[in-house]
Amino acid sequence: MIPRIYIPGDSGALALGAEKVAKAIAAELAERGIEAKIVRNGSRGAYFLEPMVEVATANGRIAYGPVKPSDVKSLFDSGFLTGGHHKRWLGAPDKIPFLAKQTRLTFARCGVTDPLSLESYKKHGGLNGLTNALALTPAAIVAQVTESGLRGRGGAGFPTGIKWKTVLDTAGDRKYIVCNADEGDSGTFADRMIMEGDPFVLIEGMTIAGIAAGATKGFVYVRSEYPHAVAVMNKAVEVARKAGVLGASVLGSPYAFDMEIRVGAGAYVCGEETALLDSLEGKRGMVRAKPPLPAHKGLFGKPTVINNVISLASVPIIMDKGAAYYKDFGMGRSRGTIPIQIAGNVKYAGLFEAAFGMTLGEIVDEIGGGTATGRPVKAVQVGGPLGAYFPRALFDTPFDYEAFAAKDGLIGHAGIVVFDDTADMLKQARFAMEFCAIESCGKCTPCRIGSTRGVETIDRIVAGIEPEKNLALVTDLCNTMKFGSLCALGGFTPYPVMSSITHFPDDFKPAPVRVAAE
Amino acid sequence: MTMQPASTEITSRTVAIIQEMKGLEGPLLPILHGIQEEFGHVPKDALPVIAEALNISRAEVHGVVSFYHDYRSHPAGRHVLKLCQAESCQSMGSDAIAAKLKQLLGIGFHETTRDGSVTLEPVYCLGLCACSPAAMLDGEVIGRLDDEKLDEIVAEVRS
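Remarks on the sheet that holds strand β7 (residues 217-222) of chain A
Residues and elements named next belong to chain A. The strand order across the open sheet built from four strands is β8-β7-β6-β9, with neighbouring strands paired in parallel fashion. If you trace the sheet from one side to the other, it starts and ends with β8 (258-263) and β9 (304-308), each paired once. Adjacent strand axes in the sheet meet at a mean angle of 20 degrees when their direction is disregarded. Pairing between β7 and β8: six bridges, direction parallel. By the bridge assignment for β8, V220 is matched with I261.

Quick look at the structure:
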């Protein structure tokens, strides 16, 4: 048997030098005259161990990491092709604690398979969901997705099945499935990992959505900051077309479904679903007023399902194992699993898929291992730039849509960014306003003007000009933005601002007092 | 000084790109991406050609081009360095990284060095939040930026 070596081609691994490692391994193989197959897999998500190289041995896969190009010679000398011991030896990857503690449903194959091999995909349970779906009526597929309790993983948490049902029940000569892959929230990378590491699961999920809702065409709108994901998705769509997964007859059925990958152009607001639709149509990414809902009048005015990557990528497992299986995980009204992305100033950064219900403290301290700098954790921003900053006092909050809402926060796309005690929360609040000003589409006044006035008012607090009065003004402004904005950009910018003011009041005290307090 | 192609040449190359993309549903963004890839920016002279082909006004085309951060009205430097300035990278000291890089290159954000070697831009998230602070140099991703990596980047863009 020719040895197989897995070296991730995932952007995160590449950013840590995986390409250099791959070249060094290829060169070493050539020099030693060893024949081996190098597979560029996705990442398993334990980024503190990337680049993590794996070899397939008679006793299963053995991982090594983080591997540097300078380690390669000694790896060969240690017999790593048969799992030999080395200072970078990690053992079986699924026994690594960070990975062993996870419940991988959506990410079951990510980092395991060859992302562009449909054979590899099928061998690991791929296409079972689509095959099952083809034996059902569209209404039965929608019922199963509804029954699973799956809610929008983009952040809004709207029940996916209900969305699909609305499109199924709406008459239209043409309907669309649109995948929102405009993953702009800082601290999130789950969509990117799936697109780079297991693109077929997204294609399968979108195809099932197409059959269920009566749509024949799909679009994936990927942000331009993800060139690697765009390249992998384009190749995967080609492979799926050639294999008859996409096309005039999906897996030989009477259903037709095909899709295109489209690239954004650097506008954060296009992650908002109606702005995304306008952008796909070739317009400025301006937010639309609702109603009409995209499910009634979406892309080009046609009934459209618009779902996040992770929502769609979670559908195949639901159709494969059943709604009850998926629903069994989780808590309250948050069913199934959620890929939590642990990022920022944290020791063990990476993707951690688990059932809903872990507390924020468990995620940050136990899984994340505290800060990378070794200093105390001061704040954790959950849910991207529009998410609230949580202090340690709220670390008992369970990861659940409703529990976070009850604490004036949101789980959003499930990214969490950890800050140590050097963070200045006034600065973070100012940035939230500044970011909103940069990225506002400009359609509604509270967002367009409010964010700019917010920056100016916070600057006056910094300058010590009537700080109490200006703090009250910021609070009032946040109220206006929250209730007066057309979409979540202006409407949720108050979350990071108000949570900073509420939980970290000392950082907003006038400068002389702040100096004296230190 | 980068030579600007003559207007007639811009027109003919733009027409070729439009022909290739025109059949797509909602072709404007793919066309603009194609033009920026061809010229390194979206030349002003290309706008009326697109407007005519898609039967929309020049103002509409201009509105779209100016809305999106990605489209450039002028050519960038030979290298484009995008430095992430979003929260995850902030938590790992991206402010200090930006300050140091600006000093090393002698330019600020949205500026190009006088020798045309590099354009520096802020970016709000590259999805590399598990290895912050992060950057992208000519489409290649770089994580866990530190002084050593900054020196390597500066050496590369100057070579």
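Some words on the sheet that holds strand β16 (residues 415-420) of chain A
All names here are of chain A. One open sheet holds the five strands; their spatial order is β13-β12-β16-β14-β15, and the pairing between them is mixed. The strands lining the two open edges of the sheet, one partner per strand, are β13 (350-355) and β15 (389-391). Between one strand axis and the next, the sheet turns through 30 degrees on average, direction left out of account.

With respect to the domain arrangement of chain A
Residue and element names in this part refer to chain A. Assigned domains of chain A: these are domain 1 (4-100), domain 2 (126-326), domain 3 (333-420) and domain 4 (425-517). Between the C-alpha centres of domain 2 and domain 4 the distance comes to 35 Å. The interface of domain 2 with domain 4 comprises eight residues on the first partner and eight residues on the second. Looking at side-chain class alone, the side of domain 2 that touches domain 4 contains six nonpolar, one polar and one charged residues.

Some thoughts on the packing of helix α18 (residues 425-439) of chain A against helix α19 (residues 445-462) of chain A
All names here are of chain A. One can describe the packing of α18 onto α19 by two numbers: an axis separation of 8 Å at closest approach and a directional angle of 155 degrees. Considered as vectors, α18 and α19 are oriented roughly antiparallel to each other. Taken as a pair, α18 and α19 cross one another with a handedness that is left-handed. On α19, the residues touching L426, A429, R430, M433, E434, C436 and A437 of α18 are C447, S451, T452, G454, V455, I458 and V462. Partitioning the contact of α18 with α19 into residue classes produces nine nonpolar, three polar and two charged.

About the thresholds
Residue numbering note: each chain is counted from 1, following its sequence as written. Here every chain gets a letter starting at A, and every ligand a number starting at 1, in the order they are written. In keeping with the model being predicted, local features are shown solely for residues with a pLDDT of at least 70 and side-chain atom pairs are shown and tallied solely at 80 or more, while totals for entire chains, interfaces and linings include all residues. Only strands joined by at least two bridges in the DSSP assignment are considered to pair. Strands here are runs of E lasting at least two residues and helices are runs of H or I lasting at least four, both read from the DSSP assignment and numbered beginning at the N terminus. Here an axis means a line fitted to C-alpha atoms, over the contact stretch when the element is a helix, while the angle between two N-to-C directions is reported on a 0 to 180 degree scale. The split into domains, and so the bounds of each, comes from an automatic or database assignment of domains. With C-beta atoms placed from the backbone, a contact is any residue pair whose C-beta atoms sit within 7 Å. Only Asp, Glu, Lys and Arg are considered charged in this grouping, and only Ala, Val, Leu, Ile, Met, Phe, Trp, Tyr, Cys and Pro are considered nonpolar; every other residue, Gly among them, is considered polar. By definition in this entry, angles of less than 35 degrees are roughly parallel, angles greater than 145 are roughly antiparallel, angles of 65 to 115 are roughly perpendicular, and the rest are oblique. The hand of a helix crossing depends on one turn: near helix anticlockwise from the far one by less than a right angle means left-handed, and clockwise means right-handed.

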